[in-house]
Amino acid sequence: MPDVSKITKEQYENIVYVSCDLDESCQYNKSMFEKLLLRLREKFPTYLFISPLHAEYGDDKSYSEKYRLFLLENCADEMWYLGKTDNSTDILKNEISYCDKNGIIYKDIREVIG
């Protein structure tokens, strides 16, 4: 695992922000999502995957949203998401809207990994 203090964009072919639509089964989703991230790293070893999934700050939804959008704006080349956009939470809808407004490519993970 690389030393995070020395990570630069130049070390990776692509930096992908990975979003997961959370619901009431958050703990299950986190476990499943961690397995998915491992699978993505194996399939795309030259990509760096970043995720805000573990950055929930209690009831401070405003901070969590700012953190997510900061990652998208400053770190990501693309966003890949796991969830259904027609039945998603406001979090995923806001992330997709942000991508649309800022020219960030976004894709459904299931389409990427088949």
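All of these numbers come straight from a predicted model, not from anything done at the bench.

Within strand β3 (residues 78-82), five of the five residues are buried, leaving the element largely enclosed by the surrounding structure. Here β3 shows no split at all, with E78, W80 and L82 on one side and M79 and Y81 on the other all buried. Pairing geometry for strand β1 (residues 14-20) and β3, over five bridges, is parallel. Its bridge partner lying in β3, V16 is registered against E78.

So, on to the side chain of N14. Mapped onto the elements of the fold, N14 is located in strand β1. Within the structure, N14 has its side chain in polar contact with the side chain of E78 (distance 3.1 Å). Residues in contact with N14, not counting those within four places in the same chain, are T46, Y47, L48, D77 and E78.

Attention now goes to the confidence of the model for the protein. Across the protein, pLDDT averages 77, with 71% of residues at or above 70. Taking the mean pLDDT of every element in the protein, the minimum, 76, falls on helix α2 (residues 61-75) and the maximum, 90, on strand β4 (residues 105-108).

About the cut-offs
- Residues numbered from 1 in each chain as written.
- Predicted model: local features only at pLDDT ≥ 70, side-chain atom pairs only at ≥ 80, totals over all residues.
- Heavy atoms only, no water.
- Buried < 20%, exposed > 50% of the residue type's maximum accessible area, 1.4 Å probe, protein only.
- Helix = DSSP H or I, 4+ residues; strand = E, 2+ residues; numbered from the N terminus.
- Pairing = 2+ DSSP bridges.
- Polar contact = N/O pair within 3.5 Å; in protein donor to acceptor, adjacent residues only side chain to side chain.
- Contact = heavy atoms within 4.5 Å.
- pLDDT = per-residue confidence, 0-100.

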